Amino acid sequence: MTKLKCMVFISGNGSNLKNILSNIESGFIKDVTIEYVVSDNKNANGIKHAKEHGIKVLYIDNNYKLISGLIKEMGIGLVILAGYMKIIPKDFMKMHDGIIINIHPSLLPKYKGLDTHKKVLDNGDNHHGASVHFATEELDSGPVIIQGVVKVNNNDDISSLRGKVHEVEYKILPLAIKWFSENIVSKHGDNYYYQGEKRTSPIILL
Ligand code: GAR
């Protein structure tokens, strides 16, 4: 069986990267290799997780052309934006449409962009969560594959919400990667398919 080659983009802590690597090690995600970790930040803490696993690390320095070339040359089949905080040029997104997924800390389409935990608290929402979606040219858009929901309590603050959302991210991102690698989910045109059926709403992990 040929393995699905992946590239993971990070900017900071890289706890999602670490979690993906443990899910590959445990065998939950099978036949997948992380070939490269790409960072826009030379000091990103997450780089250490890549190095511990002997994964090549690239500092992107806005050179998306180089990364695009590498994706084609190396046969990268999945690009995972796992805490990547830079806006990626539209031509890059267009060129690799269908093979880029992003994890975002909100129940999309609510709260695209930054400061999602604060927005949830400011609006007095009862629920919050995270989404994994096929990434398109528009920021935090594209069909949502799966969402994980968390309850917001009266005593929650930004830090506690960040922690709860991370916990749910550690479940939904590996699941989305597993489904993609097993051809269970795919994107065609503007639509997302699950087991060959077009879906108009995400799968929700409660
Ligand atoms: C995650 O919560 C991810 O959803 C978010 O950054 C965090 C990265 O954590 N991504 C975005 O906000 C992108 N718009 P990590 O570095 O520990 O994986």
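Quick note: structure is the one above.
Since we're looking at a predicted model, the values are computed, not measured.

Draft legend 1. Region of the structure containing the side chain of Thr116. Turning to its location among the elements, Thr116 is positioned in helix α5 (residues 116-122). In this structure the side chain of Thr116 is engaged in a polar contact, spanning 2.7 Å, whose partner is the backbone oxygen of Pro105. Those residues in contact with Thr116 that lie beyond four places of it in its chain are His104, Pro105, Ser106, Tyr111 and His128.

Draft legend 2. How the structure looks around the site of the ligand. Taken together, Asn13, Gly14, Ser15, Asn16, Gly83, Tyr84, Met85, Ile103, His104, Pro105, His166 and Glu169 are the residues near the ligand. Gly14 places a main-chain nitrogen or oxygen 2.8 Å from an oxygen atom of the ligand. A distance of 2.5 Å separates an oxygen atom of the ligand from a polar atom in the side chain of Glu169. Relative to its free-state accessible area of 450 Å², the ligand is covered by the protein chains to the extent of 87%. Here the ligand occupies the largest pocket. Of all the elements in the fold, those that place two or more residues in the shell around the ligand are α1 (15-25), β5 (100-104) and α6 (158-181).

Draft legend 3. Spotlight on the packing of aromatic side chains. As enumerated under the stated definition, the model contains six aromatic pairs in all. When the centroid spacing of 6.3 Å and the interplanar angle of 55° are considered together, the rings of Phe134 and Phe180 count as tilted. Of this pair, Phe134 sits in strand β6 (residues 127-134) while Phe180 sits in helix α6, and the two are 46 residues apart along the sequence. Look at Phe134 and you get buried, because its relative accessible area is 0%. Seen in terms of ring centroids, Phe134 and Tyr192 are 6.3 Å apart; in terms of plane orientation they differ by 55°. Their pairing is tilted. Taken as a pair, Phe134 in strand β6 and Tyr192 in strand β9 (residues 191-194) lie far apart in primary sequence, 58 residues in all. Counting every residue linked through ring pairs, the aromatic cluster contains Phe9, Tyr64, Tyr84 and Phe92.

Basis of the calculations
- Residues numbered from 1 in each chain as written.
- Predicted model: local features only at pLDDT ≥ 70, side-chain atom pairs only at ≥ 80, totals over all residues.
- Heavy atoms only, no water.
- Helix = DSSP H or I, 4+ residues; strand = E, 2+ residues; numbered from the N terminus.
- Polar contact = N/O pair within 3.5 Å; in protein donor to acceptor, adjacent residues only side chain to side chain.
- Contact = heavy atoms within 4.5 Å.
- Near = heavy atom within 4 Å.
- Areas by Shrake-Rupley, 256 points an atom, 1.4 Å probe, with all protein chains shown as cover.
- 1 Å grid on protein atoms, 1.4 Å probe; cavity = no way out; pocket = protein on both sides within 12 Å on 5 of 7 lines; lining within 4 Å.
- Sits in = over half its atoms within 2 Å of the grid points.
- Phe/Tyr/Trp six-rings, centres within 6.5 Å; stacked < 30°, edge-to-face > 60°.
- Buried < 20%, exposed > 50% of the residue type's maximum accessible area, 1.4 Å probe, protein only.

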